[in-house]
Amino acid sequence: MQIGITATDVDRVIEEARTAERLGFDLVGCGEHLFFGAPTPNPFVELAAAAAVTSRVRLVSTVALLPLYPAALVAKMSASLDRVSGGRFELGVGAGGEFPPEFAAAGVDPASRFRRLDEGLRLIRSLFDGGPTTFAGEFASVDGLELDPPPVQPGGPPIWLGGRKSGAMRRAGRYADVWMPYMVDTGALRRTLTEVREHAVAAGRPDTSVTGALFVWACVDEDGDRARRVGTATVSKGYRQDFTGLAERYLALGTPQEVAARLVEFAGAGATRVLVQPACPPEERRAMVEALAGAVLPLVRSAVR
């Protein structure tokens, strides 16, 4: 299992990327909104900065909102970032839609987001494959053009997709290398990964072509009860709903042993990669990242080989 940490503060991304690599994390992830109700980064910019100060960690956009961009531009930025990082970039994309004003600001009809996502994935895959690409879609046309320079990784950066509904699973089966469902328990991760792989086979791909990943909020403390209180309060505030009855099912909270056991459960359900979002106040984030690295990572790695 590869374990990563999210970088959410554009003002501290260089420090956080260096810290993640120094502490032994495998991944650095960064999400996106154009506009939102809280400070939000741009993953291509943040991860380019992270690439410049690291040499080992893999860099994942989790997730870029593909419908807000011309798909060819995303392919170009991804290829450039893959080269800047020496082949360490992974492209996570999603449809978005939870904040319609950002679609209005980009001149994109939110109702078109799934069509744009499907078409964009087809075009990006075609461009990643290399050589001249000819493509005629609803939103873009390409006439014999190719990415130059191309990505470092053959076939382009791995593509991550997520979601919860049947359409998302069909899409992941067609296009994804990594399936990362949203807010799931172990049973849902196992079930949805199985369904995604069935869709992959139906699309003519091997069932092994898609691996499982997990995005999870986590809070660790030697005082497990405090970790549960702080983690639940942080996530409840962020999502503007009470997570008291949901925390045990969807979050990873408690002592180092309890959090590690939770991640090992998800590994057993098919997660080969985990991106952790610290569930704590900003002033406790640095200590939380160090606690996760020092106390949780060794336990998980000794249990999952």
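To be clear, the structure that these remarks concern was listed above.
The rules we used
- Residues numbered from 1 in each chain as written.
- Predicted model: local features only at pLDDT ≥ 70, side-chain atom pairs only at ≥ 80, totals over all residues.
- Heavy atoms only, no water.
- Core = buried A, V, L, I, M, F, W, Y, C linked by side-chain atoms within 4.5 Å.
- Buried < 20%, exposed > 50% of the residue type's maximum accessible area, 1.4 Å probe, protein only.
- Helix = DSSP H or I, 4+ residues; strand = E, 2+ residues; numbered from the N terminus.
- Contact = heavy atoms within 4.5 Å.
- Phe/Tyr/Trp six-rings, centres within 6.5 Å; stacked < 30°, edge-to-face > 60°.

Asker: Quick one: what's the story with the nonpolar core, residue by residue and with numbers?
Answerer: The biggest cluster of nonpolar side chains holds 88 residues, and the ones touching the most others in it are Phe25, Ile124, Leu251 and Leu292. Of the residues forming this core, the biggest block, seven residues, is contributed by helix H11 (residues 285-303). Ignoring any residue separated from it by four or fewer positions in sequence, one finds Leu251 in contact with Met183, Val216, Trp217, Val235, Phe243, Leu246 and Arg262. Judged by nonpolar contacts, the second largest core, of seven residues, contains Val60, Val178, Met180 and Leu275.

Asker: Let's hear about unusual backbone geometry: which residues, and what values?
Answerer: Cis geometry is adopted by the peptide bond preceding Val63, which originates at Thr62 and carries an omega value of 0°. Within the secondary structure layout, Val63 lies in the loop between strand E3 (58-61) and strand E4 (64-65). Of note, the bond from Asp148 into Pro149 is cis; its omega dihedral lies within 30 degrees of zero at 10°. Mapped onto the elements, Pro149 comes out in the loop between strand E7 (141-145) and strand E8 (159-163).

Asker: Can you lay out the packing of aromatic side chains for me, pointing to particular residues and giving the numbers?
Answerer: Where two aromatic rings form a pair, the distance of their centres and the angle of their planes describe that pair. Under the defined criterion, the tally for this structure stands at five aromatic pairs. On the basis of an interplanar angle of 80° and a centroid distance of 5.8 Å, the ring pair of Phe44 and Tyr69 is categorised as edge-to-face. Here Phe44 is found in helix H2 (residues 43-52), whereas its partner Tyr69 is found in the loop between E4 and helix H3 (71-84), with 25 residues between them in sequence. We classify Phe44 as buried; its relative accessible area is 6%.

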